[in-house]
Amino acid sequence: MKSLIASFLITIGLPLVTFSQVFTGEEATAEPQQQTQAPKDHSKGGSRAFKTKYIHFIYFMPDMTSEINYTYGPFKTGAGPKWGAMIESGAFRFFDDNFMFKGAGNIGLYSSFGFGVSIHDFNVPRDFDGLKLPFFFADLKLGPDIRLEFIDFAKVDLYGNIGVLASYGGLVGNIDQDFTFYKPTKPVFALQTGVGLNVALGRFVLGVQYTMAKGSYEFEVTEDLTVYPNGPVEDTQQYDVNLNSLRLHIGIYTERRRR
């Protein structure tokens, strides 16, 4: 009987011990595999957000044409912008790593603030010796951006935007000759939309923008004493002006990734 029990224990126990050794060996070998697993590649920032900051130096040419042909004033026939300049700063923000076109494309958010001036030709006589004030501009824009980046050294940003355009200026007057003044009364605020294209090689940027807007300038007009013998006539006139503009720029990119 004792021999039978011993044989039974040996028959049952030996496989259990063998199975236990195999199981323990597999568990031990599985742990190093997990420890030696390759870490996630963050060479391009992984899934972290990042942004590209920029500064643009812009050749600025607004249309500055009125809907009506005027004989006098800053927007009379023959008057118009001569040239202009702006400086613009902002950023392209991206909330994940590249995910389109096998890592060569991304979608982000464009934002900018710009300030500039447009030197105006008031179409006055050559001997004019009065006051002339150019038109000043400021704008704030926001919109979507599509970035293509096939190599690290070169990238292309195609973006749209919507925002607010503000303008002030256009004072013109001559006290000595005819005492005629066109004095701006308040800043102009207009809705602005547009599109832009940037091509960056390293940190150097070339680009173009086209913006669309329309605003109403208001001037306080003081007329000539010789024309109105009873005294200078003071009146307020409003001019609806096309403020579409073509902008060519060069600039610098700097990129910052969230740690």
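This report concerns the structure included in the present document. (Residues numbered from 1 in each chain as written. Predicted model: local features only at pLDDT ≥ 70, side-chain atom pairs only at ≥ 80, totals over all residues. Heavy atoms only, no water.)

### Things to note about the pairing of strand 7 (residues 154–169)
By the bridge criterion, 13 bridges tie strand 6 (residues 135–151) to strand 7 in an arrangement that is antiparallel. For Asp 145, the partnering residue across the bridge sits in strand 7 and is Tyr 159. As consecutive antiparallel partners, strand 6 and strand 7 are separated by two residues. Where strand 7 meets strand 10 (residues 188–201), 14 bridges bridge the pair, whose relative direction is antiparallel. Looking at strand 10, one finds that Asp 157 is bridged to Asn 198. (Pairing = 2+ DSSP bridges. Helix = DSSP H or I, 4+ residues; strand = E, 2+ residues; numbered from the N terminus.)

### Considerations on the packing of aromatic side chains
According to the stated counting rule, one finds 16 aromatic pairs in the structure shown. Where Phe 50 meets Phe 94, the ring centres are 5.1 Å apart and the plane angle is 20°; that geometry is what we call stacked. With a gap of 44 residues between them, Phe 50 in strand 1 (residues 50–62) and Phe 94 in strand 3 (residues 80–94) connect regions that are remote in the sequence. In this structure, Phe 50 and Phe 94 share a single accessibility class: buried. Counting every residue linked through ring pairs, the aromatic cluster contains Tyr 70, Phe 75, Phe 135, Tyr 217, Phe 219 and Tyr 239. (Phe/Tyr/Trp six-rings, centres within 6.5 Å; stacked < 30°, edge-to-face > 60°. Buried < 20%, exposed > 50% of the residue type's maximum accessible area, 1.4 Å probe, protein only.)

### Observations regarding the side chain of His 120
Along the chain, His 120 turns up in strand 4 (residues 105–121). Look at His 120 and you get buried, because its relative accessible area is 7%. Here Pro 74 takes part through its backbone oxygen, which lies 3.0 Å from a polar atom of the side chain of His 120. In this structure, His 120 is in contact with Met 64, Pro 74, Ala 79, Gly 80, Pro 81, Lys 82 and Phe 135, ignoring residues within four places of it in sequence. (Polar contact = N/O pair within 3.5 Å; in protein donor to acceptor, adjacent residues only side chain to side chain. Contact = heavy atoms within 4.5 Å.)

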